[in-house]
Amino acid sequence: MEREMILILDFGGQYNQLIARRVRECHVYCEVHSYEKVTLDDIRKMAPKGIIFTGGPNSVYEETSPHYQKEIFELGIPILGICYGSQLMAYTLGGEVKTAPTSEYGHTDVEIDNTSKLFAGIHEKTVCWMSHTDYISALPEGFRMTAHTDVCPIAAMECEERDLYAVQFHPEVVHTREGVKMLSNFVYIICRCSGDWKMDSFVEQTILSLREKIGDGKVLCALSGGVDSSVAAVLLSKAVGKQLTCVFVDHGLLRKNEGDEVEAVFGPDGPYELNFIRVNAQERYYARLAGVTEPEAKRKIIGEEFIRIFEEEAKKIGAVDYLVQGTIYPDVIESGLGKSAVIKSHHNVGGLPSVVDFKEIIEPLRLLFKDEVRRAGLELGIPKNLVNRQPFPGPGLGIRIIGEVTAEKVRMVQEADYIYREENAQAGIDDRLGQYFAALTNMRSVGVMGDFRTYDYAIALRAVDTSDFMTAEASEIPWDVLKRVTTRIIGEVKGVNRVLYDITSKPPGTIEFE
């Protein structure tokens, strides 16, 4: 698909996905690629309007640190370096980078030279988010300083003649008060982007490209009933119609009543013209997961069983050329890029088995963030209540049960989660929560119910506020709601005698427990 693009070169930074998210918010398309896997020739073929170097945990002056060819600065493409990326630019072009006499971390007052194109419209004194122990101690030839703090003499630099810009702080995080404006200045003023990344054009062009790619081939779609796979299914149905068969695997790890709810929407009596097959595989999954406690092992087992079941269903309906999955961009990024940390293997990315009996896997949403998927769903005419339903991971309750998964544990977490969702809805707070659910911990503790001692499990409640699912803060649920939920869970869910509320943000935690 032809579109203007910003290339984000990943040097191991923890915020690389946030940079991409902020650029997308400016209606400019971007992609994150590992610096190790993209050559200069690749960059020339991509023809990006601009390049952003991410941060990273290394010291640029160490031999083992990530580096890139100096020739990248001669391509005539505007470049913005962020944190480690700024130090890499300075070091590669002849400046000096040293250990900072004083490290900076967190909210920091920064004085800005707003005659710079990068800082156009930015206040002369602003607040930015710092996270560094090294600093640029001497500018490369041809550069000038455009920002400083009390302890960092070069908090930003630029060579306007060569369209090279660098900031020591992180404009992509929400704590940098005017960071989005800075990135907007880079993509619009410096890179001269027009902002052609619109969801209506994405949907239209994706349908056309899918129709051309698939031709008269048969397609099998992995339909979980969640937002991502639902949007992927409707997208494919509009592209190839009856050539599409949707397989819904009820793995016994869904929320209470959810299997029947999915069938009611997408099955033969639902509003969509889809070939729908429901596979009840609960016992098969419980058998495979018996005795397994390690989170990554559980994810990979669940992912492999997904593929094997799809293969079996494909054989029943005849030759199938393509498998469609609802993979989205955070799945791809969290599953690892180059030397970036693998946060978790997603069942439809890092958890795929090495051999799959299909001609090709199609992931039409692979480059979209969650809110972009929702907008695509609305463009496709999917009802708002389906598009905005609570997110649910592909591995389901398998990663909301700490330790071994059993049918009894599934029952406990299903019932607790149902109570939690019901009470939040009755309190009228469910629409303002980004994501919320109940999980079953692996902790058992002593309790008293009536005149009897109990030794049962603890349920952990989770609710977060988030716009992009890459960062999240714990939601402040009213105390009276939490008390009602706790009373009901302990009174109604056999095997549970304690309820906890998780207030961990992301980072350092993740939204899901495993």
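For clarity, every value in this text was computed on a predicted model and none was experimentally measured. (Residues numbered from 1 in each chain as written. Predicted model: local features only at pLDDT ≥ 70, side-chain atom pairs only at ≥ 80, totals over all residues. Heavy atoms only, no water.)

Peer 1: Would you explain the nonpolar core in this entry?
Peer 2: In summary, soluble globular proteins display a tendency toward joint burial of nonpolar side chains. Counting residues in hydrophobic clusters, the biggest one holds 116 residues, and the most contacted among them are I72 and I489. No other element matches the nine residues that helix α6 (residues 227–240) contributes to this core. In this structure, I489 is in contact with A416, I419, I459, L461, V496 and V499, ignoring residues within four places of it in sequence. Counting 44 residues, the second largest nonpolar core, distinct from the first, contains L18, I52, I122 and F169. (Core = buried A, V, L, I, M, F, W, Y, C linked by side-chain atoms within 4.5 Å. Buried < 20%, exposed > 50% of the residue type's maximum accessible area, 1.4 Å probe, protein only. Helix = DSSP H or I, 4+ residues; strand = E, 2+ residues; numbered from the N terminus. Contact = heavy atoms within 4.5 Å.)

Peer 1: Even after reading the chapter, I still don't get helix α5 (residues 199–214), so can you show me in this structure?
Peer 2: It helps to recall that an α-helix has 3.6 residues per turn; residues three or four apart then point in one direction. Between its first and last C-alpha, α5 extends 22 Å over 16 residues, near the 22 Å set by a 1.5 Å rise per residue. As for α5, its buried residues are in contact with β10 (219–222), α6, β13 (322–324), β14 (360–362) and α11 (370–379). Once α5 finishes, G215 follows within two positions and takes phi at roughly 60°, a positive value. (Expected span 1.5 Å × (residues − 1).)

Peer 1: Would you take a moment to explain the packing of aromatic side chains for this structure?
Peer 2: Two aromatic rings are characterised by how far apart their centres lie and by the angle between their planes. Scanning the model with the defined rule gives eleven aromatic pairs in all. Taking 5.4 Å as the distance between ring centres and 70° as the angle between the ring planes, the aromatic pair formed by F11 and F53 counts as edge-to-face. Linking F11 in the loop between β1 (5–10) and α1 (16–25) with F53 in strand β3 (residues 50–53), this pair joins segments that are 42 residues apart in sequence. For F11, a relative accessible area of 2% puts it in the buried group. On the numbers, 4.9 Å between centres and 50° between planes, the contact of Y29 with W197 is tilted. Of this pair, Y29 sits in strand β2 (residues 29–34) while W197 sits in the loop between α4 (179–190) and α5, and the two are 168 residues apart along the sequence. Here the two residues Y29 and W197 agree in accessibility, since each one is buried. Here the aromatic cluster, defined as three or more aromatic residues joined through ring pairs, consists of F11, Y35, F53, F73 and Y84. A cation over a ring is seen here: R444 above Y457, with NZ or CZ 5.1 Å from the ring centre. (Phe/Tyr/Trp six-rings, centres within 6.5 Å; stacked < 30°, edge-to-face > 60°. Lys NZ or Arg CZ within 6 Å of the ring centre and 35° of its normal.)

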